[in-house]
Amino acid sequence: MTDRELGAVIKPGERLDDLQRNGLRILQHPERFCFGMDAVLLSGFARVQPGERCLDLGTGTGILPLLLSAKTEAAHLTGLEIQPESADMARRSVAINGLSERIDIREGDLCEASLLFGKAAFDVVTCNPPYMAGGHGLVNPADARAIARHEVLCSFEDVARESSLVLKSGGHFFLVHRPFRLTELLLTLVRHRLEPKRMRFVHPYADKEPNMVLLECVKSAKRMLTVEKPLIVFDAPGQYTKEIAELYGF
């Protein structure tokens, strides 16, 4: 797009950020919700084989489909987002990057994904779901940040159920979450025939407890879980480890 065309696409309050990958850029609104490290880590953890179809549940402004378009040879990527403003920003980001034929953004409820797309429609599902259970203590549960961080509009039960339904048998589900809910996550995933196969804890520093966990599950697979070596974010304050720097494209 030319600078003039970009000016017509970007709305007041929005900014266009460089993703450090293949020249990709993404629209964000600082007063709504901007993607964090968890999305970048999930894009590096997820494995999408050439020719596969991928669905990102709760895609926000489309960060996962955009990054996976650069990091994988997926045939097609779909992002599902319930918030109209975020879905609109995601569509415009896709258009800015010239990826409208490869990435589709749908506005809709994650809890109805299997009705929207049909059963066994995807080879891969990714999700960076709300981490906090329920909306207890929220001043404004309708706020974009609250919806992204708290289970206001969906629960992890909904995420697991719909992921299992839209996945083909043997399909892969990738997610990032918080370790303090790990027992609940594993029990829920197994109940919906999503067998945890690969797990990696993310630590802010080598001597600190993990604050994120990355999980790969396979639908209807046999039981065997591999725990990978920890992923360390910082060597020192403000200094990313080599692996994190590479994930960000620095």
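As a reminder, the structure under discussion sits directly above these lines.
Description of the structure in this document. (Residues numbered from 1 in each chain as written. Predicted model: local features only at pLDDT ≥ 70, side-chain atom pairs only at ≥ 80, totals over all residues. Heavy atoms only, no water.)

## Digging into the side chain of His76
- With respect to the helices and strands, His76 occurs in strand E4 (residues 76-81).
- Those residues in contact with His76, other than ones at most four positions away along the chain, are Glu52, Arg53, Cys54, Glu101, Arg102, Ile103 and Asp104. (Helix = DSSP H or I, 4+ residues; strand = E, 2+ residues; numbered from the N terminus. Contact = heavy atoms within 4.5 Å.)

## Focus: the pattern of salt bridges
- What the rule picks out here adds up to 15 salt bridges.
- Measuring nitrogen to oxygen at the nearest pair gives 3.8 Å for the salt bridge that ties Arg32 to Glu85. In this pair, Arg32 sits in the loop between strand E2 (25-28) and helix H2 (37-45) while Glu85 sits in helix H4 (residues 84-96), placing the two residues 53 residues apart along the sequence.
- Arg161 is the salt-bridge partner of Glu162, the closest N and O atoms lying 2.9 Å from each other.
- Look at Glu162 and you get buried, because its relative accessible area is 3%.
- Through salt bridges with shared partners, one network takes in Lys11, Glu14, Asp88 and Arg92. (Salt bridge = Lys/Arg side-chain N within 4 Å of Asp/Glu carboxyl O. Buried < 20%, exposed > 50% of the residue type's maximum accessible area, 1.4 Å probe, protein only.)

## Remarks on the environment of Arg15
- Structurally, the position occupied by Arg15 is in strand E1 (residues 15-18).
- When the C-alpha atoms of Arg15 and Phe122 are compared, they prove to be 32 Å apart, with 107 residues separating the residues in sequence.
- Sequence-distant contacts of Arg15, defined by excluding residues within four places in its chain, comprise Ile26, Leu27, Gln28, Pro30 and Cys34.
- Within the local environment of Arg15, its side chain forms a polar contact with the side chain of Asp17, the two groups lying 2.8 Å apart. (Polar contact = N/O pair within 3.5 Å; in protein donor to acceptor, adjacent residues only side chain to side chain.)

## Some thoughts on H2
- The buried fraction of H2 amounts to 8 of the 9 residues, a majority that puts the element mostly inside the structure.
- Restricting attention to buried positions, one finds in H2 the residues Met37, Asp38, Ala39, Val40, Leu41, Leu42, Ser43 and Phe45.

## Comments concerning H4
- Under the 1.5 Å per step criterion, the end-to-end length of H4 is 18 Å for 13 residues, consistent within 8% with the ideal 18 Å.
- One or two positions beyond H4, positive phi appears at Gly98, with a value near 65 degrees. (Expected span 1.5 Å × (residues − 1).)

## Section: the packing of helix H7 (residues 156-166) against helix H8 (residues 182-191)
- Relative to each other, H7 and H8 sit at 35 degrees, their axes nearing to 9 Å. In the packing of H7 onto H8, the handedness of the crossing is right-handed. Between H7 and H8, the residues in contact are Phe156, Glu157 and Ala160 and Glu184, Leu185, Thr188, Leu189 and Arg191, respectively.
- Class assignment for the residues of the contact of H7 with H8 results in 4 nonpolar, 1 polar and 3 charged. (Axes fitted to C-alpha atoms, helices over the stretch in contact; angles between N-to-C directions. Left-handed = near helix turned anticlockwise from the far one by under 90°. Nonpolar A, V, L, I, M, F, W, Y, C, P; charged D, E, K, R; others polar.)

## So, the pairing of E1
- The pairing of E1 with E2 spans 4 bridges and is antiparallel. Bridging from a neighbouring strand, Asp17 pairs with Ile26 of E2.
- From the end of E1 to the start of E2, which pair antiparallel, there are 6 residues, and Gln20 there has a positive phi angle of about 60 degrees. (Pairing = 2+ DSSP bridges.)

## Examining the pairing of strand E7 (residues 167-177)
- Of the strand pairs in this sheet, strand E6 (residues 122-127) and E7 are connected by 5 bridges, and their pairing is parallel. Paired with Cys127 across the bridge in E7 is Leu175.
- As paired elements, E7 and strand E9 (residues 212-219) share 6 bridges and run antiparallel to each other. Bridge pairing links Phe173 to Cys217 in E9.

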